[in-house]
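Spelled out, the chains give:
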Protein chains: 2
Amino acid sequence: MALRSAGLNLTAQRIAILDTVTHRPHSTADDIYRAVTERLGSISHQAVYDTLSTLSERGLLRRIQPSHSPARFETRVGDNHHHLICRTCGDVRDVDCAVHHTPCLTASDDHGFSIDEAEVIYWGICPTCTAADATARG
Amino acid sequence: MALRSAGLNLTAQRIAILDTVTHRPHSTADDIYRAVTERLGSISHQAVYDTLSTLSERGLLRRIQPSHSPARFETRVGDNHHHLICRTCGDVRDVDCAVHHTPCLTASDDHGFSIDEAEVIYWGICPTCTAADATARG
DNA sequence: AAGATTTTCTGGAATAGTTCCAGATTCAGA
DNA sequence: TCTGAATCTGGAACTATTCCAGAAAATCTT
């Protein structure tokens, strides 16, 4: 199991958190807190935050931090995918790299930086919200 | 003047803020507050935040919100440039689009969204911090 | 099973950045 | 000069997150 190979002890909390994020990608810490509480009976906020940090550090989770949103987590790590977020409902979708093979890690001018990540977020309005808006306007 | 053509009254505060951001791109609200205070004698935090919001809404400023950083503002709007940020010192540089002509607005799969912005941030370590780190390690 | 270590717990305080309030005042433009 | 826009003061509120510190519990090792 992933936790084991990352050198982490197996605890009910870690398993539940990892599993929750696997089934509900792009969850916030609070989403996770609620899901795990339901599943285990209870968990502390600190345990959730601690675990999310640990799992992110060890590379089992990827943390994404969209503007005006709490951090979100996903288990799809190691590839170069990006995100598409609805400005209205906040829905997050995965998007594969537009130009393929980690192209986004290549800036046109790197200013001498050693770049380790390209964070790409597409912002727009999802079809559902577009439809709802059209309906509301009559 | 830009303020005028955006239909905004000319006030000393707005002029000073716009001017400050022009000369110091990627300023935070607090940077701006301090610079304008020095320039005008005083300004309120609220006026700074109000003005930054107004100018951003009217398209005179672009707001960027890097993770773990307060919002930053710049007057370079309307083009499709991105940002390169040093993880160590927080230095922000402009980067032209890697693939040219607003390519970044094109996701490989738009999921039916109407995309209006592609936010691209390259993360890395700047040459100065790399050098400093090498020196510190001896 | 015991011991050592890791993890989680409670619960409260603190933080940063920003927004909101509400009423008074000042200012720009017509 | 008038009107509405903009700004002011000053304090409270907010969200997401981190930090604290010691106690308790669970996990892994032997």
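These numbers come from a predicted model, not from an experiment.

Engineer: Tell me about the side chain of Q65(B), and please be specific about residues and values.
Structural biologist: For Q65(B), the position within the fold is in the loop between β2 (62-64) and β3 (72-74). A distance of 2.9 Å separates the side chain of Q65(B) from the side chain of H68(A), its partner in a polar contact. Among residues more than four places away in sequence, those in contact with Q65(B) are S67(A), H68(A), A71(B) and E119(B).

Engineer: Account for the protein's contact with DNA strand C, naming residues and giving values.
Structural biologist: Within the structure, DNA strand C sits among 18 residues, and R14(A), S44(A), A47(A), R4(B) and A71(B) are positioned closest to it. Near the protein, meaning within 4 Å, the atoms of DNA strand C are sugar or phosphate in a fraction of 86%, with bases accounting for the rest. Measuring from a base oxygen of DNA strand C, one finds a side-chain N or O atom of Q46(A) at 3.0 Å. The set of elements that each furnish at least two residues to the surface near DNA strand C consists of α2 (12-23) and α4 (45-57) of chain A together with α4 (45-57) of chain B. Counting residues per element, the surface near DNA strand C draws most heavily on α4(A), at three residues. Looking at side-chain class alone, the surface near DNA strand C contains eight nonpolar, eight polar and two charged residues.

Engineer: Tell me about the domain arrangement of chain A, and name the residues and values.
Structural biologist: Residues and elements named next belong to chain A. Under the domain assignment, chain A is made up of domain 1 (2-73) and domain 2 (79-137). Its C-alpha centre places domain 1 at a distance of 23 Å from the equivalent point of domain 2. Between domain 1 and domain 2, the contact holds seven residues from the first and 10 residues from the second. Note on domain 1 versus domain 2: buried area summed over both sides is about 650 Å², and carbon and sulfur give 52% of it. The three residues of domain 1 that bury the most area against domain 2 are H26, R62 and P66, which together make up 65% of that side's buried surface. On the surface where domain 1 and domain 2 come into contact, there are three residue pairs in polar contact (both at pLDDT 80 or more).

Engineer: Requested: an account of the relation of the copies chain A and chain B, with residues and values cited.
Structural biologist: For the pair chain A and chain B, the superposition axis carries a translation of 0.0 Å, the fit reaches an RMSD of 0.2 Å, and the rotation angle comes to 179°. Viewed as a symmetry operation, the transformation between the two copies matches a two-fold axis. Considering only C-alpha atoms, the part of chain A nearest the rotation axis is V120(A), at 2.3 Å. Residue by residue, 100% of the interface of chain A is reproduced at the interface of chain B, so both copies engage with the same surface.

Engineer: Run through the interface of chain A and chain B, naming residues and quoting values.
Structural biologist: Each side of the interface is counted separately: chain A has 39 residues, and chain B has 39 residues. For the chain A and chain B pair, buried surface summed over both sides reaches about 3000 Å², with 52% attributable to carbon and sulfur atoms. Where chain A touches chain B, the interface holds four salt bridges. When the shortest N-O distance is used, the salt bridge between D116(B) and R87(A) registers 2.6 Å.

Engineer: Before we move on, can you summarise the protein's contact with DNA strand D with the specific residues and values?
Structural biologist: The environment of DNA strand D is formed by 17 residues, the closest being R4(A), T11(B), R14(B), S44(B) and A47(B). Here the atoms of DNA strand D within 4 Å of the protein split so that 88% fall in sugar or phosphate, with bases taking the remainder. A distance of 3.1 Å separates a phosphate oxygen of DNA strand D from a polar atom in the side chain of Y49(A). The set of elements that each furnish at least two residues to the surface near DNA strand D consists of α4 of chain A together with α2 (12-23) and α4 of chain B. For the surface near DNA strand D, the element with the highest residue contribution is α4(B), accounting for three residues. Counted by class, the surface near DNA strand D contains seven nonpolar, eight polar and two charged residues.

Criteria and thresholds
Counting starts from 1 at the beginning of each chain's written sequence and moves along it residue by residue. Lettering of chains starts at A and numbering of ligands starts at 1, both following the order in which they are written. Two thresholds apply to this predicted model, a pLDDT of at least 70 for residue-level local features and 80 or more for giving and counting side-chain atom pairs, whereas whole-chain, interface and lining totals are computed over all residues. Note: side-chain values were computed over all heavy atoms of the structure, leaving out hydrogens and water. A run of DSSP states H or I qualifies as a helix once it reaches four residues; a run of E qualifies as a strand once it reaches two. Both are numbered from the N-terminal end. For the purposes of these results, a polar contact is taken to be a pair of N or O atoms within 3.5 Å, where, inside protein, one atom must be able to donate a hydrogen and its partner to accept one; residues adjacent in sequence count only when each atom of the pair is a side-chain atom. Whether two residues touch is decided by their heavy atoms; if any such pair falls within 4.5 Å, the residues are in contact. Proximity criterion: a residue is near a molecule or strand once any of its heavy atoms comes within 4 Å of it. Note on residue classes: Ala, Val, Leu, Ile, Met, Phe, Trp, Tyr, Cys and Pro are nonpolar, Asp, Glu, Lys and Arg are charged, and everything else, Gly too, is polar. Source of the domain bounds: an automatic or database domain assignment. Throughout, buried area stands for the accessible area (probe radius 1.4 Å) lost by two parts on being put together, summed over both. When the copies are overlaid, the least-squares fit takes in C-alpha atoms only where the residue has pLDDT of at least 70 in both copies. Definition used for salt bridges: Asp or Glu carboxyl oxygen within 4 Å of a side-chain nitrogen of Lys or Arg.

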